[in-house]
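The residues making up each chain are set out below.
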Amino acid sequence: MSNRNEPCAVVLAAGKGTRMKSNLPKVLCPVVDRAMIHFVLDALEKAGIRRQIIVVGYEADAVKKELAGREGDIEFVLQEEQLGTGHAVQMAHSALKSQVGPTIVVAGDSPLIQPTSLKKLLDHFAETRPALLLGTLEKSNPEGLGRIVRDGAGAFWGIVEHKDATDEQRKICEVNMSTYLFHTPDLLDSLSKLSNNNTQSEYYLTDCAKLLREAGRVVEAIAVLEPCESLSINNTDELKLVDETMRSMGY
Ligand code: UD1
Ligand code: CA
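Residues numbered from 1 in each chain as written. Chains lettered and ligands numbered in written order. Predicted model: local features only at pLDDT ≥ 70, side-chain atom pairs only at ≥ 80, totals over all residues. Heavy atoms only, no water.

Going by an unreviewed UniProt entry, the protein chain carries the name Bifunctional protein GlmU and comes from Novipirellula artificiosorum.

Quick look at the structure:
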């Protein structure tokens with residue numbers, strides 16, 4: 001068992017990936033000839049995150065089988081129904097109760113996540129000790145992604161999903177790439193307060209950020225992510241783009 005004082009990770013990997021036009025669960029769709037989730041777990045490992053809690057759901061057994069041979073301290077938790085990213089992390093509640101160190105949450109559909117960015121987040125977190133530190137970046141075409149909304153002074157206000165955003169908010173180019181570093185008790189506390197009162201009737205993990213800010217806890221968003229990390233895989237075009245990008249980067 002890994003040391004509970006060290007940072008751990010929760011990897012969101014329960015979705016079907018309806019727009020992938022494949023029977024495979026999304027995280028098993030191959031990029032550079034490997035199931036995409038391997039690259040996410042490799043990045044975590046390179047950043048020194050040994051304890052990896054993986055939320056599985058759609059075709060859970062296939063995902064478990066694919067990851068059976070991996071090194072590291074892998075645990076699986078089951079999300080039977082995919083009710084949203086916040087709901088997915090709620091499934092890790094018991095696993096996180098024993099966690100003393102911070103918790104990184106990442107998405108299994110983002111194989112370009114960089115260990116260097118994770119390390120930057122861990123270093124910044126160690127210095128400022130916020131409730132939540134978000135890794136973000138500016139993207140010229142932010143269509144479809146959650147937007148980082150800031151107040152007049154530039155302080156973090158909240159994440160608004162594209163589908164819930166006003167026209168004004170849709171002009172914001174700073175985006176959420178689902179790279180979160182939480183003080184674990186604050187994560188558990190905010191998860192218990194989530195509601196699904198939004199256009200998709202889902203429990204959004206993004207709402208934890210606003211809930212914590214409203215509770216007077218410190219939430220920071222810093223634009224440390226690399227341009228390649230703006231790519232995630234939601235459809236077959238993005239799969240092709242990520243595959244080409246990774247090959248050109250020498251993966
Ligand atoms: C999410 C973020 C959005 C961000 C984007 C890219 C939310 C509400 N939105 O949107 O702000 O810009 O990612 O990082 O979080 N999953 C589960 N269980 C579920 C739902 C999803 O495990 O019930 C997994 C999926 O398999 C996937 C990941 O979570 O690996 C992200 O889910 P997805 O539906 O792709 O979220 P986005 O709409 O892209
Ligand atoms: Ca996605």
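**So, the overall build of the protein chain**
Formally: Helix and strand definitions here come from DSSP, where helices need a minimum of 4 consecutive H or I residues and strands a minimum of 2 consecutive E residues; each element is numbered from the N-terminal end. Here the globule rule reads 2.2 Å times residues to the power 0.38, and the radius of gyration is calculated from C-alpha atoms. The rule is simple: take the accessible area with a 1.4 Å probe, protein chains only, and divide by the maximum for that residue type; under 20% is buried, over 50% is exposed, in between is partly exposed. Residue contacts are defined here by distance: any two heavy atoms, one from each residue, within 4.5 Å place the two residues in contact. Computed by Shrake-Rupley with a 1.4 Å probe, the accessible areas treat only the displayed protein chains as cover when residues are assessed. Charged-residue counts in this description rest on Lys and Arg as positive and Asp and Glu as negative, His and the chain ends being excluded. In plain terms, the charge of a residue is placed at NZ if it is Lys, CZ if Arg, CG if Asp and CD if Glu.
Along the backbone of the protein chain there are nine helices and eleven strands. Against the globule reference of 18 Å for 251 residues, the protein chain gives a C-alpha radius of gyration of 17 Å, in line with a compact fold. The buried share of the protein chain, reckoned over its 251 residues, is 54%. Contacts in the protein chain between residues far apart in sequence, at least 24 positions, make up 72% of those at least 6 positions apart. As displayed, the protein chain has an accessible area near 11500 Å², and 48% of this comes from carbon and sulfur atoms. Treating the 28 positive side-chain charges of the protein chain as one cloud and the 35 negative ones as another, the clouds have centres 1 Å apart.

**Structural notes on the coordination of the calcium ion (ligand 2)**
Which entries qualify depends on this criterion: Metal-coordinating donors are taken as N, O and S atoms lying within 2.8 Å of the metal, or within 3.2 Å when the metal is Na, K or Ca; because water is left out, some sites can appear incomplete.
All of the protein donors around the calcium ion (ligand 2) are Asp 109 (OD) and Asn 234 (OD1); their distances to the metal are 2.4 to 2.5 Å. Of this pair, Asp 109 sits in the loop between strand S6 (103–107) and helix H5 (115–128) while Asn 234 sits in the loop between strand S11 (219–222) and helix H9 (236–248), and the two are 125 residues apart along the sequence. A relative accessible area of 13% means that Asp 109 is categorised as buried.

**Considering the nonpolar core**
Note the following rule: Here, nonpolar core refers to any group of buried Ala, Val, Leu, Ile, Met, Phe, Trp, Tyr and Cys residues whose side-chain atoms link them within 4.5 Å.
Val 11, Ile 37, Leu 44, Ile 54 and Ile 104 are the most contacted members of the largest nonpolar core, which has 34 residues in total. Mapped onto this core, the elements with two or more residues apiece are strand S1 (8–13), helix H1 (36–46), strand S4 (51–56), helix H2 (60–67), S6, H5, strand S7 (132–138) and strand S10 (174–182). Of all the elements, H1 adds the most residues to this core, at five residues. When neighbours within four sequence positions are excluded, Leu 44 is seen to be in contact with Ala 9, Val 11, Ile 49, Gln 52, Ile 104, Val 106 and Leu 118. Core analysis: the second largest hydrophobic core is formed by 31 residues, Cys 8, Tyr 180, Leu 212 and Val 219 among them.

**Re the site of ligand 1**
What counts, and what does not: Residues are counted as near a molecule or strand when any one of their heavy atoms sits within 4 Å of it. Polar contacts here mean pairs of N or O atoms no more than 3.5 Å apart (in protein, one a potential hydrogen donor and the other a potential acceptor; neighbouring residues in sequence count only if both atoms are side-chain atoms). Using protein atoms alone on a 1 Å grid, points that fit a 1.4 Å probe yet trap it form a cavity, whereas open point sets bounded by protein on both sides within 12 Å along at least five of seven lines form a pocket; residues with an atom within 4 Å of a point count as lining. More than half of a molecule's atoms lying within 2 Å of a cavity's or pocket's grid points is what places that molecule inside it. Each residue is assigned to one class: nonpolar for Ala, Val, Leu, Ile, Met, Phe, Trp, Tyr, Cys and Pro, charged for Asp, Glu, Lys and Arg, and polar for all the others, Gly among them.
As a structural note, the neighbourhood of ligand 1 is formed by 23 residues, with Gln 79, Thr 85, Glu 161, Asn 176 and Ser 178 the closest of them. Here an oxygen atom of ligand 1 and a backbone polar atom of Ala 14 are 2.9 Å apart. Backbone polar atom of Met 177 to an oxygen atom of ligand 1: 3.4 Å apart, as the coordinates give it. In this structure the site holding ligand 1 corresponds to the largest pocket. Tallying contributions element by element places S10 first for the shell around ligand 1, with three residues. Taken together, the residues of the shell around ligand 1 sort by class into nine nonpolar, eleven polar and three charged.

**Looking at the pairing of S7**
As a reminder of what qualifies: One bridge is not enough; two strands pair if DSSP finds at least two bridges between them.
Most of S7 sits inside the fold, with six of its seven residues counted as buried. By the bridge criterion, six bridges tie S7 to S10 in an arrangement that is antiparallel. Residue Leu 133 lies in a different strand from S10, and its bridge partner there is Leu 181. One ladder, built from four bridges, connects S7 with S11; its direction is parallel. Looking at the pairing, Leu 134 lines up with Ala 221 of S11.

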